[in-house]
Amino acid sequence: MNIDQAYSILKKYITQESLQKHCIAVSATMKHFAQLNHEDVERWQIVGLLHDIDYEKYPEEHCVKCVEILKSEGVEEDMIHSIQSHGYGLVQNEVEPKLFMEKILYTIDELTGLVIAAALMQPSKKLEDLTLKSLKKKWKSKSFAAKVDRELIAKGAEMAELELDYVLEQTLIALQDAHEELGL
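Residues numbered from 1 in each chain as written. Predicted model: local features only at pLDDT ≥ 70, side-chain atom pairs only at ≥ 80, totals over all residues. Heavy atoms only, no water.

> Please set out the overall build of the protein chain residue by residue, giving values where relevant.
The secondary structure content of the protein chain amounts to 10 helices and zero strands. In sequence order, the protein chain lays out its α and β elements as α-α-α-α-α-α-α-α-α-α. Pairs at least 24 residues apart make up 64% of the contacts formed inside the protein chain by residues separated by at least 6 positions. Carbon and sulfur atoms form 49% of the exposed surface of the protein chain, whose accessible area is close to 9100 Å². Taken as two groups, the 21 positive and 32 negative side-chain charges of the protein chain have centres that lie 7 Å from each other. (Helix = DSSP H or I, 4+ residues; strand = E, 2+ residues; numbered from the N terminus. Contact = heavy atoms within 4.5 Å. Areas by Shrake-Rupley, 256 points an atom, 1.4 Å probe, with all protein chains shown as cover. Lys, Arg positive; Asp, Glu negative; His and termini not counted. Charge placed at Lys NZ, Arg CZ, Asp CG, Glu CD.)

So this is what it looks like as structure tokens:
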């Protein structure tokens, strides 16, 4: 499987532009972390791109229905496991993130939403104008992007053995690098 095939699968199962953009943001962040850690960049991108493949059509079966969908599309078993693991702790999902890639996905999934929401609060509404200092202030404000599970993000950073500030900074950099694709 290559990234172009993954994009085709994404567009086949996800029609909502906002969810597509979220998957692109997660993919860009996964790419960045793969580069930082000398990992298989395309593999990490694909996992990020397809991580919410079942969410639009089957939100109550998120991280469960993806197995059937991804198998039917010829996605490798280990990639399916990685995708499933980002929902660890959901009522129906006990697939624990074990690999470093899985821990990063688990950590940055919701974090990308917080970063983008913080960018949209900038007067320019551009990622390039968001600073780490501003992002950290938004992180501390529990009323900002209140649905973002900060405890889950912090737990993921700890599982990955990374400092939370480092994860925030690198996620911001990754999304700034992908600003054109995200339209921000």
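> Provide a residue-level description of unusual backbone geometry, including the pertinent values.
Of note in this structure, His 38 is not a glycine but carries a positive phi near 55°. With respect to the helices and strands, the residue His 38 is situated in the loop between α2 (17-36) and α3 (41-50). Overall, the relative accessible area of 74% leaves His 38 in the exposed class. Notably, Glu 161 is not glycine yet its phi reads approximately 60°, a positive angle. Relative to the elements of secondary structure, Glu 161 occurs in the loop between α8 (150-159) and α9 (164-177). Here Glu 161 falls in the exposed class, since its relative accessible area comes to 73%. (Buried < 20%, exposed > 50% of the residue type's maximum accessible area, 1.4 Å probe, protein only.)

> Which residues make up the nonpolar core, and what values do they have?
Met 30, Leu 50, Ile 53, Leu 70, Leu 111, Val 115 and Leu 182 are the most contacted members of the largest nonpolar core, which has 55 residues in total. Element by element, the count of residues in this core is highest for helix α6 (residues 100-120), at 10 residues. Apart from residues lying up to four places away in sequence, Met 30 is in contact with Trp 44, Gln 45, Gly 48, Met 101, Ile 104, Leu 105 and Ile 108. (Core = buried A, V, L, I, M, F, W, Y, C linked by side-chain atoms within 4.5 Å.)

> I'd like a rundown of the pattern of salt bridges, residues and numbers included.
The full count for this structure, using the stated rule, is eight salt bridges. Across the salt bridge formed by Glu 73 and Lys 12, the nearest N and O atoms sit 2.7 Å from each other. With a gap of 61 residues between them, Glu 73 in the loop between α4 (65-72) and α5 (77-85) and Lys 12 in helix α1 (residues 3-13) connect regions that are remote in the sequence. By relative accessible area, Glu 73 is classed as partly exposed at 22%. Asp 165 is paired through a salt bridge with Lys 136; the nearest N and O atoms lie 3.1 Å apart. Residue Asp 165 is located in helix α9, and its partner Lys 136 is located in helix α7 (residues 132-140); the two are separated by 29 residues in the primary sequence. When salt bridges that share partners are traced, they join Arg 43, Glu 76 and Asp 78 into one network. (Salt bridge = Lys/Arg side-chain N within 4 Å of Asp/Glu carboxyl O.)

> An account of the environment of Met 121 is requested, with residue identities and associated values reported.
Here Met 121 lies in the loop between α6 and α7. Considering only alpha carbons, one finds Met 121 and Ala 28, 93 residues apart in sequence, at a separation of 21 Å. The residues contacting Met 121, other than those within four sequence positions of it, are Lys 138 and Phe 144.

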